[in-house]
Amino acid sequence: MKRILVIQHKMIGDVLITSLLCENLKKSYPNATIDYLVNSNTLPVLENNPYIDNLIVFNEKEQKGFLKLVMFSNEVSKNNYDVIVDVYSKLQSWVNVFINKAPVKISYKKPGREFLYTNNIEKHNVAKTHLGLSIEHRLALLEPFGITNPEATEPKLYLTEKEIKAAKQTFIKHKVDSSRKTVMISLLGSDETKTYPLNQMAKLVNHIGENYNVNILFNYFPNQKDQALEVYNQLSEHTKSKVYFDLLGDDLRSFIAIANECDIIVGNDGGAINMSKAVGKKSFIIFSPWIDKNVWATFEDGINHVSVHLKDYFPEKFKDLSNREIKKVVNSFYSLFDFELFTSKLDQFLKKHI
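Residues numbered from 1 in each chain as written. Predicted model: local features only at pLDDT ≥ 70, side-chain atom pairs only at ≥ 80, totals over all residues. Heavy atoms only, no water.

Moving on, we get to the overall build of the protein. Of regular secondary structure, the protein possesses 14 helices and 11 strands. Computed over the C-alpha atoms, the radius of gyration of the protein is 21 Å, within 12% of the 20 Å expected from 2.2 N^0.38 for a compact globule of 354 residues. Expressed as lengths along the three principal axes of its C-alpha atoms, the size of the protein is roughly 65 × 50 × 40 Å. Restricting the contact set of the protein to residue pairs at least 6 apart, pairs at least 24 apart contribute 62%. Accessible area of the protein: about 16,700 Å², with a carbon and sulfur share of 50%. The average position of the 45 basic charges and that of the 41 acidic charges among the side chains of the protein differ by 2 Å. (Helix = DSSP H or I, 4+ residues; strand = E, 2+ residues; numbered from the N terminus. Rg over C-alpha atoms; globule rule 2.2 N^0.38 Å. Contact = heavy atoms within 4.5 Å. Areas by Shrake-Rupley, 256 points an atom, 1.4 Å probe, with all protein chains shown as cover. Lys, Arg positive; Asp, Glu negative; His and termini not counted. Charge placed at Lys NZ, Arg CZ, Asp CG, Glu CD.)

Encoded structure:
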């Protein structure tokens, strides 16, 4: 086996978790070339990864449209792959797989798509381990390689000494109290449908600030400052005194380095959570009502990684509804998701780690 292509379009969390395949393949086939096809916006989470030989970069803006997708796929096919592992398995990757002449093509089993692949792997609906379905499903794609007991099961990020030192200097510059533990707040989801209501988030932050002797950092992008202020302005003066509101990274790599200096992360599911886990941080996650917790609650052990979902409290509200249907009326579901529902669960988590 000479050359393997792993395909994972779209989001940071997906790309980070799928990098596990690259690690396991490189460890099993050290002489093979492992290429990883990803979207351009996700590149920072793959920097310095020793298990990826080449990054094949897809730029959605530059390669928009079916004709450009075909042209891109033709270029990729010139690499003469022996195996393609398509984790994304949607139109963008189907075109690539169809054009490519690789003798082995692996993906998930989907009705009407089996002809594209030589190996169609069935997904299971119930997690078998604490890894969660998102990781279990990906590791199952290694079975055609004969890898049934993968060595790597936790995605990792690789910071340089320079990046670590810069983050420490940032904490010193902002006079972060080094005698206290630091809590990162994943303040906003990747979009509104994945964002816990800001008034409830303010209650959560205020509860932490009023009851625990910690430093509090907000994770938000500069263009989200108004939303961050909406939460900050609802806090008590006592809690505000613990919040380092302007301590932000300049880019994704500096955020990762800042997360590395924190002790735990609390808040919305998304890239920030996945990146923090990948540098070994403990997590308390609030899932959006339309997201499947069984898929994305990775490493859930009730101690170091804990999560809450509205379905935990009102299972009857979800009966016979698909995630797509819930997403359309997600605000009505969020309106039921009061912080008081899981205050005690958050306290149990915090008392173990602060």
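Here the focus is the sheet that holds strand E9 (residues 264-268). Reading across the sheet, the five strands line up as E8-E7-E9-E10-E11 and stay open at both edges, with parallel pairing between neighbours. Edge positions in the sheet fall to strand E8 (214-219) and strand E11 (305-308), since each has one partner strand and no second. Direction aside, the axes of adjacent strands within the sheet are offset by 15° on average. Note: strand E7 (residues 181-186) against E8, six bridges, orientation parallel. Residue pairing across strands places Lys181 opposite Val214, the latter belonging to E8. In this fold helix H14 (residues 343-353) packs onto E7, E9, strand E10 (282-286) and E11, with an angle of close to 170° to the strand it touches most, E10. (Pairing = 2+ DSSP bridges. Axes fitted to C-alpha atoms, helices over the stretch in contact; angles between N-to-C directions.)

Moving on, we come to the pattern of salt bridges. The full count for this structure, using the stated rule, is 15 salt bridges. For Lys10, the salt bridge goes to Glu60, with nearest N and O atoms at 2.7 Å. Of the two residues, Lys10 sits in the loop between strand E1 (3-7) and helix H1 (12-28) while Glu60 sits in the loop between strand E3 (54-58) and helix H2 (66-77), which places them 50 residues apart along the sequence. Residues Asp312 and Lys293 are paired through a salt bridge, measuring 3.1 Å at the closest nitrogen-oxygen approach. Taken together, the residues span a long stretch of sequence, with Asp312 in the loop between E11 and helix H12 (323-328) and Lys293 in helix H11 (residues 293-296) at a distance of 19 residues. The structure contains a network of salt bridges with shared partners spanning Glu23, Lys27 and Glu151. (Salt bridge = Lys/Arg side-chain N within 4 Å of Asp/Glu carboxyl O.)

All right, on to the environment of Val83 then. Along the polypeptide, Val83 turns up in strand E4 (residues 83-86). You can call Val83 buried: its relative accessible area is 4%. Val83 sits 148 residues away from Val231 along the chain, and the two C-alpha atoms are 48 Å apart. The residues contacting Val83, other than those within four sequence positions of it, are Met1, Arg3, Ile4, Leu5, Ala102, Val104, Ile106 and Phe145. (Buried < 20%, exposed > 50% of the residue type's maximum accessible area, 1.4 Å probe, protein only.)

In terms of burial, helix H9 (residues 252-261) is largely enclosed, as eight of its 10 residues are buried. Those residues of H9 not exposed but buried are Leu252, Arg253, Phe255, Ile256, Ala257, Ile258, Ala259 and Glu261. On its buried face, H9 sits against H1, helix H5 (161-173), E7, E8 and helix H10 (271-278).

A separate point is the packing of H2 against helix H3 (residues 91-99). Where H2 contacts H3, the two axes come as close as 9 Å, and the packing angle between them is 45°. It follows from the interaxial angle that H2 and H3 lie oblique. Of the two possible hands of crossing, H2 and H3 adopt the one that is right-handed. Along its contact with H2, which presents Phe66, Leu69, Val70, Phe72, Ser73, Asn74, Val76 and Ser77, the element H3 presents Leu91, Gln92, Val95, Asn96 and Ile99. The residue inventory of the contact of H2 with H3, partitioned by class, reads eight nonpolar, five polar and no charged. (Parallel < 35°, antiparallel > 145°, perpendicular 65-115°, else oblique. Left-handed = near helix turned anticlockwise from the far one by under 90°. Nonpolar A, V, L, I, M, F, W, Y, C, P; charged D, E, K, R; others polar.)

So, about unusual backbone geometry. Positive phi is not limited to glycine here, since Lys175 has a value of about 55°. By the element assignment, Lys175 lies in the loop between H5 and E7. Even without glycine at this site, Asp320 takes up a positive phi of about 65°. Summarising the element assignment, Asp320 is placed in the loop between E11 and H12.

Mapped onto the secondary structure, Ser107 falls in strand E5 (residues 104-108). On the basis of relative accessible area, Ser107 is assigned to the buried category, the value being 0%.

Any functional reading would require information that these geometric values do not contain.
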